[in-house]
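# Coordinate analysis (summary)
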Number of protein chains: 2
Amino acid sequence: LIDEYEGRISTPVPRILEKYRDEISEALKISISDQSIFVYEMLRYCLGWVDKTGEPVKGVPGKALRPSLCLFACESVGGRVTNAMPTAVSLELIHNFSLIHDEIQDFDEVRHHRPTLWSIWGAPKALVAGDVLRMIADRSLEAYGDIDVGTTLRQVALLTEACLDMIEGQYMDISFEGKSSVTLYQYMNMIARKTGALIRSSIHLGSIIGSSDDEVARMFRRSGQSLGYVFQIRDDILGTWGKEYLTGKPVGSDIRRKKNSLPIVYAMSESQGVAKKALKEVFSKNELEDRDVELVLEIMEDVRSMEYSQGLAEEFCDKALDTLREARLSRDAMDDFGELVHFLANREF
Amino acid sequence: LIDEYEGRISTPVPRILEKYRDEISEALKISISDQSIFVYEMLRYCLGWVDKTGEPVKGVPGKALRPSLCLFACESVGGRVTNAMPTAVSLELIHNFSLIHDEIQDFDEVRHHRPTLWSIWGAPKALVAGDVLRMIADRSLEAYGDIDVGTTLRQVALLTEACLDMIEGQYMDISFEGKSSVTLYQYMNMIARKTGALIRSSIHLGSIIGSSDDEVARMFRRSGQSLGYVFQIRDDILGTWGKEYLTGKPVGSDIRRKKNSLPIVYAMSESQGVAKKALKEVFSKNELEDRDVELVLEIMEDVRSMEYSQGLAEEFCDKALDTLREARLSRDAMDDFGELVHFLANREF
């Protein structure tokens, strides 16, 4: 198992995620260098740099998807990478802030094979740690040097809007729980906010720093919107059919938790008669047993939930690429972006 | 009891809290006018405008201390009240955000005679509601019209810093819980952050909008620092000796919850021999009984905890006033400020 787990590291990492990794990592470490109170140690644990006793760990670093997208967007339109770094750092911190609070809300005890913050230090301290991270994210934007104050203020405003969108999406997600009548439309609206807002902003904000061309910025924004769908839909597929040693979650884990993920929402909308009745029955239970999960998986196979979901992810892949093609980036930049988009749609973890 | 409760409304309200009340209330209502998802209804409940079924309520409005201080500071140095309104709104929203999260952390089921958000809608939704409020607070600052972007950005930066201070203080407060060795120095440092940061910023930020004189802004900042101490120390006194029908908390409630409030920290540091031993024993218990609370109250009387605490609050009153006197405000402004400071040091709720 360990070997298989280690094996995933040898999967080729897209260039965009590779290229800026060290710079991002360094900037993040500076943003959380405070040693004055223990809460910062919790944040360093959350970001995967130390174990729960504070010892530095070597491990699989996070993908740092959002900051990488931001720096890529900035550079691809002719901007300097360092100019976009404050926003990149802020994006990654906001992402981690949302994870910390999500884990408390969902009672998740493990993420990426590591105990979550609240499960080690308790919900009250984890809640505060999330709030601290959110503030540090705000503060990171003040590090702007070369950028004029107007642009800085626009970054702040757009990021605030994205954050609000994200949290509203998170609220919608919670309020969907236990409902068996969530429509595909509601689902798409929810993930566009919960996940899409921050991914969309990542490349949108980067492009604004790199170029003053509003038309270009709009293309990045639209492309980012599609990319957000790709990311979350693939996430949902992994939440149902992903391999435990890669995702850290057992097969069918989203089903067991009755999450309104795409495969479930689709099965609910497409199944009929006995199957539909059975689905509703399963999801009205308090606790799902193994046979319930298996039944749902069978119905999903009947209505081809996986094929539908993956097909939708790939549609959004094409859309993300087509939209950005209009921005006339260099061939190298488009190749890198294409590689990343396909990676996100086909990743196993 | 109801009569007595209603009676408190007839206590003369300081002019600073009266003067801007309607304008603040209106601006706050605009900032949370969104009806799109239910979380905004929760926020309107939190701010005391509707009951938990969404029906509008007439009730005792909140003090709105922080926004009132901000507007007062701006006006007293010659600025226009409307110019400071975005910051004033932001301050009140941040204050309420911190209350929502604090209540979750402390398992508080009631605040000011009303059930808390989490106790009605559950911790996950309340947590998200707090996060939404925090974002709306950020967004409020973008409403600046007449103010130049440099000043706006400075407001954003100072408010972020104050928020971070506040949350770090909240973290310190949580991490003190159950410790019987908190020193007066640690206590003062903690409340300077947890409560002081936002109150200090309120008048500091207002003065910056009203005047470009850095020296004046520094005086407001220092005065606000003292005012923060006045507010929290009086809060601690009410948490131990306040009347239940006014504060909504039974006498000795901070003792029962083993909070490291000033009367307790002081009693711990001043008591000796048998009394000190008894105190430590009481605070090492999991659950405190009535007789434990009574014992602690007796020891506090012996070491004159109340007199010490009130004396300290009044010292900071003088400091707040002396510092601001150097700013050479109008006589009316100083009178109003003096009235407010004394109100905060002597309030019963």
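Residues numbered from 1 in each chain as written. Chains lettered and ligands numbered in written order. Predicted model: local features only at pLDDT ≥ 70, side-chain atom pairs only at ≥ 80, totals over all residues. Heavy atoms only, no water.

## Comments concerning the overall build of chain A
Check the secondary structure of chain A and you find 18 helices and two strands. Computed over the C-alpha atoms, the radius of gyration of chain A is 20 Å, within 12% of the 20 Å expected from 2.2 N^0.38 for a compact globule of 349 residues. Oriented by its inertia axes, the alpha-carbon framework of chain A measures out at about 65 × 50 × 40 Å. Looking at chain A as a whole, 58% of its 349 residues are labelled buried. Roughly 15,200 Å² of accessible area belongs to chain A as shown, and the carbon and sulfur atoms make up 49% of that amount. (Helix = DSSP H or I, 4+ residues; strand = E, 2+ residues; numbered from the N terminus. Rg over C-alpha atoms; globule rule 2.2 N^0.38 Å. Buried < 20%, exposed > 50% of the residue type's maximum accessible area, 1.4 Å probe, protein only. Areas by Shrake-Rupley, 256 points an atom, 1.4 Å probe, with all protein chains shown as cover.)

## Considerations on the interface of chain A and chain B
If you look at the interface, chain A gives 38 residues, while chain B gives 38 residues. Of the roughly 3,600 Å² buried where chain A meets chain B, counting both sides, 75% is carbon and sulfur surface. At the boundary of chain A and chain B, one finds four salt bridges. Taking the shortest distance from any N to any O, the salt bridge between Arg134(A) and Asp138(B) comes out at 3.3 Å. At the junction of chain A and chain B, the tally comes to six residue pairs in polar contact (both at pLDDT 80 or more). The set of elements that each furnish at least two residues to the side of chain A that touches chain B consists of helix 4 (39–46), helix 6 (81–106), helix 8 (123–140) and helix 9 (149–176) of chain A. (Contact = heavy atoms within 4.5 Å. Buried area = accessible area lost by both parts, 1.4 Å probe. Salt bridge = Lys/Arg side-chain N within 4 Å of Asp/Glu carboxyl O. Polar contact = N/O pair within 3.5 Å; in protein donor to acceptor, adjacent residues only side chain to side chain.)

## What to know about the environment of Thr82(A)
All names here are of chain A. Summarising the element assignment, Thr82 is placed in helix 6. Residue classification places Thr82 among the partly exposed residues on the basis of a relative accessible area of 46%. Residues Thr82 and Glu23 lie 59 residues apart in sequence; the distance between their C-alpha atoms is 9.0 Å.

## A few points about the side chain of Asp336(A)
Within the secondary structure, Asp336(A) is located in helix 18 (residues 331–346). Here Asp336(A) is in contact with Arg15(A), Ile16(A) and Phe72(A), once residues within four sequence places are set aside.

## Thoughts on helix 10 (residues 184–210) of chain B
Residues and elements named next belong to chain B. Taking 1.5 Å of rise per residue, 27 residues should cover 39 Å, and helix 10 covers 36 Å from first to last C-alpha, within 8% of that figure. Of all bends in helix 10, the biggest is about 60 degrees, found at Gly196. For helix 10, the buried fraction is high: 23 of the 27 residues fall into the buried class. (Expected span 1.5 Å × (residues − 1). Bend = angle between axes of the 7 residues up to and from the residue.)

## Structural notes on the packing of aromatic side chains
All names here are of chain A. Applying the stated criterion across every chain yields a total of ten aromatic pairs over all chains. In this structure an aromatic cluster arises from ring pairing among Phe38, Tyr45 and Trp121. Its guanidinium or amino end placed over the ring of Tyr45, Arg114 lies 4.0 Å from that ring's centre, counting from NZ or CZ. In this structure, Arg347 packs its charged tip against the face of Phe231, placed 4.3 Å from the ring centre. (Phe/Tyr/Trp six-rings, centres within 6.5 Å; stacked < 30°, edge-to-face > 60°. Lys NZ or Arg CZ within 6 Å of the ring centre and 35° of its normal.)

## Quick notes on the packing of helix 4 (residues 39–46) of chain B against helix 8 (residues 123–140) of chain B
Helix-helix packing: each pair is described by the crossing angle between the helix axes and the interaxial distance. Residue and element names in this part refer to chain B. Relative to each other, helix 4 and helix 8 sit at 80 degrees, their axes nearing to 10 Å. By the angle between their directions, the pair helix 4 and helix 8 is classed as roughly perpendicular. Contacts between helix 4 and helix 8 involve Val39, Tyr40, Met42 and Leu43 from the first element and Lys125, Ala126, Ala129, Val132, Leu133 and Ile136 from the second. (Axes fitted to C-alpha atoms, helices over the stretch in contact; angles between N-to-C directions. Parallel < 35°, antiparallel > 145°, perpendicular 65-115°, else oblique.)

## Focus on the confidence of the model for chain A
Residues and elements named next belong to chain A. In this model, chain A carries a mean pLDDT of 91, and residues with pLDDT of at least 70 account for 95%. Across chain A, helix 5 (residues 65–76) holds the top mean pLDDT of 98, while helix 1 (residues 2–7) sits lowest at 43. Of the regions scoring below 50 in pLDDT, residues 1–9 engages in nine contacts with residues more than four places distant in sequence or in other chains. The complex prediction reports pTM at 0.91, with the ipTM value standing at 0.89. (pLDDT = per-residue confidence, 0-100.)

## Description of the relation of the copies chain A and chain B
Superposing chain A onto chain B requires a rotation of 180 degrees together with a translation of 0.0 Å along the rotation axis, leaving an RMSD of 0.0 Å. Here the two chains are linked by the operation of a two-fold rotation axis. (Least-squares fit on C-alpha atoms with pLDDT ≥ 70 in both.)

## Quick look at the pattern of salt bridges
Residues and elements named next belong to chain A. Here the structure, examined in full by the defined rule, presents 40 salt bridges over all chains. A salt bridge links Asp322 to Arg325; the nearest nitrogen and oxygen atoms lie 2.6 Å apart. Pair noted here: Asp322 and Arg325 are both in helix 17 (residues 305–325), with a separation of three residues, about one helical turn. Since its relative accessible area comes to 43%, Asp322 is described here as partly exposed.

## Regarding the environment of Ile174(B)
Note that Ile174(B) resides in helix 9 (residues 149–176). The buried category is assigned to Ile174(B), whose relative accessible area is 10%. Not counting chain neighbours up to four residues away, the residues in contact with Ile174(B) comprise Pro124(A), Lys125(A), Val128(A) and Gln105(B).

## Some points on the nonpolar core
Generally speaking, a soluble globular protein has its nonpolar side chains buried in company with each other. With 197 residues, the main nonpolar core has Ile233(A) and Ile233(B) as its most contacted residues. Excluding its chain neighbours within four sequence positions, the residues that come into contact with Ile233(B) are Tyr187(B), Ile191(B), Leu262(B), Ser309(B), Leu312(B), Ala313(B) and Phe316(B). Grouped together as the second largest cluster of nonpolar side chains are 16 residues, Met268(A), Ala278(A), Val282(A) and Leu288(A) included. (Core = buried A, V, L, I, M, F, W, Y, C linked by side-chain atoms within 4.5 Å.)

## Comments concerning unusual backbone geometry
In the Ramachandran plot, Ala64(A) falls in the positive-phi region, its phi being about 50 degrees despite a non-glycine side chain. Within the element layout of this structure, Ala64(A) appears in the loop between helix 4 and helix 5. By relative accessible area, Ala64(A) is classed as buried at 16%. Its identity is not glycine, yet His113(B) carries a phi of approximately 70 degrees, on the positive side. For His113(B), the position within the fold is in the loop between strand 1 (110–111) and strand 2 (114–115).

## Brief notes about the packing of helix 11 (residues 214–241) of chain B against helix 18 (residues 331–346) of chain B
Residues and elements named next belong to chain B. Taken N-terminus to C-terminus, the directions of helix 11 and helix 18 make an angle of 30 degrees; their axes are 7 Å apart at the nearest point. Judged by the angle between their axes, helix 11 and helix 18 are roughly parallel. Contacts between helix 11 and helix 18 involve Ser223, Leu227, Val230, Phe231 and Arg234 from the first element and Phe337, Val341, Leu344, Ala345 and Asn346 from the second. Class assignment for the residues of the contact of helix 11 with helix 18 results in seven nonpolar, two polar and one charged. (Nonpolar A, V, L, I, M, F, W, Y, C, P; charged D, E, K, R; others polar.)

## Side note on helix 17 of chain A
If you check helix 17 of chain A, its first and last C-alpha atoms are 30 Å apart, about what 21 residues at 1.5 Å a residue would give, namely 30 Å. For helix 17 of chain A, the complete set of buried residues consists of Ser305(A), Ser309(A), Gln310(A), Leu312(A), Ala313(A), Phe316(A), Cys317(A), Ala320(A), Leu321(A), Thr323(A) and Leu324(A).

## What about the side chain of Ser261(A)?
All names here are of chain A. Its location among the elements puts Ser261 in the loop between helix 13 (253–256) and helix 14 (262–270). Classification of Ser261 by relative accessible area gives buried; the value is 2%. When neighbours within four sequence positions are excluded, Ser261 is seen to be in contact with Tyr187, Asp236, Thr240 and Asp254.

## With respect to a negative patch on the surface
Residue and element names in this part refer to chain A. A cluster of acidic residues, Glu294, Glu298, Glu301, Asp302 and Glu307, forms a negative patch on the protein surface. Ranked by residues supplied to the negative patch, first place goes to helix 16 (residues 290–303) with four residues. Tracing the backbone through its elements, the reader meets Glu294 in helix 16. (Patch = residues over 30% accessible without salt bridge, like charges linked within 9 Å, V, L, I, M, F, W, Y side chains within 5 Å. Lys, Arg positive; Asp, Glu negative; His and termini not counted. Charge placed at Lys NZ, Arg CZ, Asp CG, Glu CD.)

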